[in-house]
Amino acid sequence: MLRRLCLSLFAIAACRPDTPAPPKPDGVAATSTPSASGSAKAPSAGATVRGTIESIRLQDINKAAGHHTYNVELMVRHAAIEGPLAVSREAIPPVVAVRVDKVYFDDLTEAQRSELAPDGPKAELSPKRFRAYAVGAEVTLPVTFTSPGLASLRAP
């Protein structure tokens, strides 16, 4: 009985449709994914954030014990946001998190590790400097907004 069930499941899994999937309607990107409300929103393209770095935050996104992978975010108090946005300008808070990098702690040199995490890796690090970025510095960053309070650095 069990063997017959397994053979039936194998036969179903091996079936392939004779016709290809129908094409997507015009204007729908193949990579867009609908949000919980059912509508897909494309990220903004070509936005620029000008402002002051209030803090630098490294958040550990790796859940494996002994491995630390950090998203590096600049908390920027913006003076201006220029360019087209996929989010409402009124919804953008005064301080925006801008993701600028991803860092694998094991790949850093010993000097970089001691500068970023003198007490060792933690769930969140708050250094005063990260590479060319420093708290209090003025920045102009080309970004893509993914939500009102979060943007990612994009290639200039």
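Worth saying up front: this structure is predicted, and the values here are computed from it rather than measured.

About the cut-offs
- Residues numbered from 1 in each chain as written.
- Predicted model: local features only at pLDDT ≥ 70, side-chain atom pairs only at ≥ 80, totals over all residues.
- Heavy atoms only, no water.
- Helix = DSSP H or I, 4+ residues; strand = E, 2+ residues; numbered from the N terminus.
- Buried < 20%, exposed > 50% of the residue type's maximum accessible area, 1.4 Å probe, protein only.
- Areas by Shrake-Rupley, 256 points an atom, 1.4 Å probe, with all protein chains shown as cover.
- Salt bridge = Lys/Arg side-chain N within 4 Å of Asp/Glu carboxyl O.
- Pairing = 2+ DSSP bridges.
- Contact = heavy atoms within 4.5 Å.

*Asks:* Is there a simple way to explain the overall build of the protein chain in this structure?
*Replies:* The secondary structure content of the protein chain amounts to two helices and eight strands. Counting the 156 residues in the protein chain, one finds 29% classified as buried. Carbon and sulfur atoms provide 58% of the accessible area of the protein chain, an area that totals close to 10500 Å².

*Asks:* How do you make sense of the pattern of salt bridges when you look at a structure like this?
*Replies:* Side-chain pairs of opposite charge can arise where the charged atoms are in close proximity. Under the definition given, this model contains seven salt bridges. Ionic pairing is found between E54 and R77, a salt bridge with its closest N-O pair at 2.4 Å. Remark: R77 occurs in strand β2 (residues 69-82) and E54 occurs in strand β1 (residues 47-60); sequence separation between them is 23 residues. Between R113 and E110 there is a salt bridge, and its shortest N-O distance comes to 3.9 Å. Of the two residues, R113 and E110 both sit in helix α2 (residues 110-116), three residues apart, roughly one turn of that helix. Its relative accessible area of 23% is what places R113 among the partly exposed residues.

*Asks:* Can you help me understand the pairing of strand β3 (residues 95-104) in this one?
*Replies:* Consecutive side chains of a regular strand alternate in pointing toward one face of the sheet and then the other. Looking at chain direction, β2 and β3 are connected through nine bridges and run antiparallel. Each bridged residue has a counterpart across the sheet, and for E73 the counterpart in β3 is R99. When β3 meets strand β8 (residues 150-153), the two strands line up parallel, connected through three bridges. Looking at β8, one finds that A97 is bridged to L150.

*Asks:* Would you explain the environment of G51 in this entry?
*Replies:* Within the secondary structure, G51 is located in strand β1. Among all residues touching G51, those that are not within four sequence positions of it are V76, R77, H78, A79, A137, E138 and V139.

*Asks:* I tried to follow the environment of I56 on my own but got confused; where do I start?
*Replies:* Turning to its location among the elements, I56 is positioned in strand β1. Since its relative accessible area comes to 1%, I56 is described here as buried. Sequence separation between I56 and M75 is 19 residues, and the spatial gap between their C-alpha atoms is 6.1 Å. Among all residues touching I56, those that are not within four sequence positions of it are E73, L74, L125, S126, P127, K128, R129, F130, Y133, A134 and V135.

*Asks:* I tried to follow the pairing of β1 on my own but got confused; where do I start?
*Replies:* Here β1 runs beside strand β7 (residues 138-147); their pairing, made up of six bridges, is antiparallel. What sits directly across from T48, in β7, is P142. Bridge count for β1 against β2 is 12 bridges, and the pairing is antiparallel. Bridge pairing in β2 links I56 to L74. Where β1 lies against strand β4 (residues 124-125), two bridges are found, and the strand directions are antiparallel. Bridging from a neighbouring strand, Q59 pairs with E124 of β4.

Interpretation in functional terms is not warranted from these geometric data alone.
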